[in-house]
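# Summary of the model geometry
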Amino acid sequence: MSAMKRLFGEGFRVFFLAAGIWAVVSILVWGLYLGIHAAGGMLWDLPFTMAPHLWHGHEMIFGYGTAAMAGFFLTAVPNWTGAQAARHAFIASAAALWLAGRAAVWYSAALPDSLVAAICLGFLPILGAKLAMQLVKRPKPQNMMFLALITLLWLGEWRVQLDWMGLPWGDAEAGLRGGLYALVAMIAVLGGRVTPAFTRNAIIRESLEAHGHEPAETALPEKRAHLEKLAIIAAIATAIGALAGLPDLIEGTVMLVFGLAQMTRMIGWKSGFAMTRPILAALHLAMALTGLGALLGGLALLGFGSEIGALHVTAIGGVGGMTLAMMSRATLGHTGRPLIAPYGIALSYALLPLAAALRWVASAFPAEFYFTGVLGSALVWTFAFALYLAALWPAFWLPRLPRMETSR
């Protein structure tokens, strides 16, 4: 099988590769734009029509975010349901449509607004339809709910595109926030499943290897159903509220509930054990930063702190951190490699919380640190994803390793 055919043979390969490349390229463009302005220059003839900060937000959420999401679901859903995985033609076509969306937004100044909107709005329905056909093979409610979350994400794109076309119901800011928090809601659901589950598996495996028996139940991660439900409901309500543009008092209160539930649900997940194992630590850190971002965001909407700073803690540390953790773990596992983060990947895990902190400082103290903090955050983010690409480049293109090479 040729490397190109292999790339489109499994959803995680092309979409996780595309997500990593776009994470680097789009932030380099954004950093260059800001750097020119920080130096006193000005860029006038941009190829896109929207404000640069809106282009940046859109491409992070609906470019990077949807690529990471597509790669995960196209890989995970067949495993959940036993349905046949998407074929080469579908994966290649979906990847081409995703790429067309990036090009359409970039060259939007030279294209009809309706064409840009049609291309950008086409990706998620096609992906959702494929996932729906797979999910109905074993229609569990806890999995079918992801179709609703993908719909929320699409509605965020819809509001953005309506705004850019100057049509009623359009609101780019609400659409971007709604899209971001739809991704956060997916993380609240998935992260709440996999983080304690993967930690539990690692504790049991290490206990068997070291002592020959499983550990006591008290040594394993604990999940409390009422907190799990509260965190998920509040996360979804946060996304709906952001999309609908609810008053700050209501949205801020919901976000505080989500943040508190998110942080509290992690008590008992054995994060201390995970912190010495990078491939687990990344999951725990991302879940914690998702909760912290929600708390900061809720406080900001109630008048305490920077909302933009809070958004970036959520986007960089929460969404960026969880997608990086899941993309790297899934790529290692599905290509027959040990579930041990290579040095470069482990370093990238540690860099994203630093990038989130720098971006928060830039917004919290704009007079002193804005350009330094934003450009520093962009540089750290770019380096983290460059490490991810360098470490996993062979895995995306080469055949799965033989089973004998995957032992710990």
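You'll find the structure just up there.
Reference entry: report on the structure contained in this document. These numbers were taken from a predicted model, which means no experiment stands behind them.

Thresholds applied
Counting from 1, residues in each chain are numbered in the order their sequence is written. Only residues with pLDDT of 70 or above have their local features reported here, since the model is predicted, and side-chain atom pairs are shown and tallied only from 80 upward, although totals for entire chains, interfaces and linings are computed over all residues. The basis for every side-chain value is the complete set of non-hydrogen atoms in the structure, without hydrogens or water. Helix and strand assignments follow DSSP, with helices taken as H or I runs no shorter than four residues and strands as E runs no shorter than two, numbered in order from the N terminus. Whether two residues touch is decided by their heavy atoms; if any such pair falls within 4.5 Å, the residues are in contact. Computed by Shrake-Rupley with a 1.4 Å probe, the accessible areas treat only the displayed protein chains as cover when residues are assessed. When charges are counted, Lys and Arg contribute as positive and Asp and Glu as negative, whereas His and the chain ends are disregarded. In this description, the location of a charge corresponds to atom NZ of lysine, CZ of arginine, CG of aspartate or CD of glutamate. In the analysis that follows, any N or O atom pair within 3.5 Å is treated as a polar contact, provided that within protein one partner can donate a hydrogen and the other can accept it, and provided that, for residues neighboring in sequence, both atoms belong to side chains. Multiplying one less than the number of residues by 1.5 Å gives the expected span of a helix. The term bend refers to the angle at a residue between two fitted axes, each drawn through seven residues, those ending there and those starting there. Axis definition: a line fitted to C-alpha atoms, limited for helices to the stretch in contact. Angles are taken between N-to-C directions and run from 0 to 180 degrees. Every angle not falling under 35 degrees, over 145, or within 65 to 115 is termed oblique; those three ranges are roughly parallel, roughly antiparallel and roughly perpendicular. When the near helix sits turned anticlockwise from the far one by under a right angle, the crossing is termed left-handed; a clockwise turn instead gives a right-handed crossing. We call Asp, Glu, Lys and Arg charged. Ala, Val, Leu, Ile, Met, Phe, Trp, Tyr, Cys and Pro are nonpolar, and the rest, Gly among them, are polar. Relative accessibility thresholds used throughout: buried, under 20% of the residue-type maximum; exposed, over 50%; partly exposed, between the two (1.4 Å probe, protein chains only). In the sections that follow, a salt bridge refers to a side-chain nitrogen of Lys or Arg positioned within 4 Å of a carboxyl oxygen of Asp or Glu. Each Phe, Tyr or Trp ring (for Trp, its six-membered ring) is paired with any other whose centre lies within 6.5 Å, and the angle between the two planes then decides the class: stacked below 30 degrees, edge-to-face above 60, tilted in between. A ring is scored as having a charge over it whenever the NZ atom of a lysine or the CZ atom of an arginine sits within 6 Å of its centre and within 35 degrees of its normal.

## Notes on the overall build of the chain
Counting its secondary structure elements, the chain contains 14 helices and zero strands. Considering only C-alpha atoms, the chain reaches an extent of 65 × 50 × 40 Å along its principal axes. Within the chain, contacts between residues separated by at least 24 positions form 78% of all contacts whose residues are at least 6 apart in sequence. Counting every atom, the chain has about 17200 Å² of accessible surface; 70% of that belongs to carbon and sulfur. Taking the average location of the 26 positive side-chain charges in the chain and that of its 19 negative ones, the two points are 14 Å from each other.

## Let's talk about the side chain of Ser-363
Along the polypeptide, Ser-363 turns up in helix α13 (residues 343-364). Only 2.6 Å separates the side chain of Ser-363 from the side chain of Arg-359, close enough to count as a polar contact. Beyond its immediate stretch of four places on either side in the chain, Ser-363 contacts Ser-306, Ile-308 and Gly-309.

## A short note on helix α14 (residues 366-397)
Between its terminal C-alpha atoms α14 stretches 43 Å, which fits the 46 Å expected from 32 residues at 1.5 Å a residue. The largest bend in α14 comes to about 45°, at Ala-391, with the proline Pro-394 one to four residues further on.

## Points about the packing of helix α7 (residues 172-211) against helix α8 (residues 225-244)
How two helices pack is summed up by the angle between their axes together with the distance between the axes. Contact geometry of α7 with α8 gives a least axis separation of 7 Å together with a crossing angle of 165°. Looking at the two axes, α7 sits roughly antiparallel to α8. The crossing of α7 and α8 is left-handed. Residues Ala-174, Gly-175, Arg-177, Gly-178, Tyr-181, Ala-182, Ala-185, Ala-188, Val-189 and Gly-192 of α7 lie in contact with α8, whose contacting residues are Glu-228, Ile-232, Ala-235, Ile-236, Thr-238, Ala-239, Ala-242 and Leu-243. Broken down by class, the residue content of the contact of α7 with α8 amounts to twelve nonpolar, four polar and two charged.

## Digging into the environment of Phe-62
Structurally, Phe-62 is set in helix α3 (residues 52-81). Note on Phe-62: relative accessible area 3%, which makes it buried. Between the alpha carbons of Phe-62 and Gly-156 there is a distance of 9.1 Å; along the sequence they are 94 residues apart. Beyond its immediate sequence surroundings of up to four residues, Phe-62 is in contact with Trp-98, Arg-102, Leu-153, Gly-156, Glu-157, Val-160, Gly-175, Leu-176 and Gly-179.

## Digging into the pattern of salt bridges
Within this structure, the stated rule accounts for seven salt bridges. For Glu-10, the salt bridge goes to Arg-13, with nearest N and O atoms at 2.9 Å. The class for Arg-13 is buried, based on a relative accessible area of 2%. We note a salt bridge from Glu-307 to Arg-177, for which the minimum N-O separation is 2.9 Å.

## Section: helix α11 (residues 278-301)
For an α-helix the count is 3.6 residues per turn, leaving residues at separations of three or four pointing the same way. Over its 24 residues, α11 runs 34 Å from end to end, which matches the ideal 34 Å to within 8%, given 1.5 Å per residue. Among the 24 residues in α11, 18 count as buried, and that is most of the element. Looking one or two places after α11, you find Gly-303, whose phi comes out positive at around 105°.

## Digging into the packing of aromatic side chains
Under the counting rule described, the total for this entry stands at 20 aromatic pairs. Arranged with centres 5.4 Å apart and planes meeting at 5°, the rings of Phe-48 and Trp-55 form a pair that is stacked. A single burial state applies to Phe-48 and to Trp-55, both of which are buried. With a centroid separation of 5.9 Å and an interplanar angle of 40°, the aromatic rings of Trp-393 and Trp-397 are classed as tilted. Taken together, the residues span about one helical turn, with Trp-393 and Trp-397 both in helix α14 at a distance of four residues. In this structure Trp-393 comes out as partly exposed when scored by relative accessible area, which is 40%. These aromatic residues form a ring-pair network of at least three members: Tyr-64, Trp-381, Phe-385, Tyr-388 and Phe-396. A cation over a ring is seen here: Arg-102 above Trp-98, with NZ or CZ 5.3 Å from the ring centre. Positioned above the aromatic ring of Phe-273, the side-chain terminus of Arg-277 is 3.6 Å from the ring centre.

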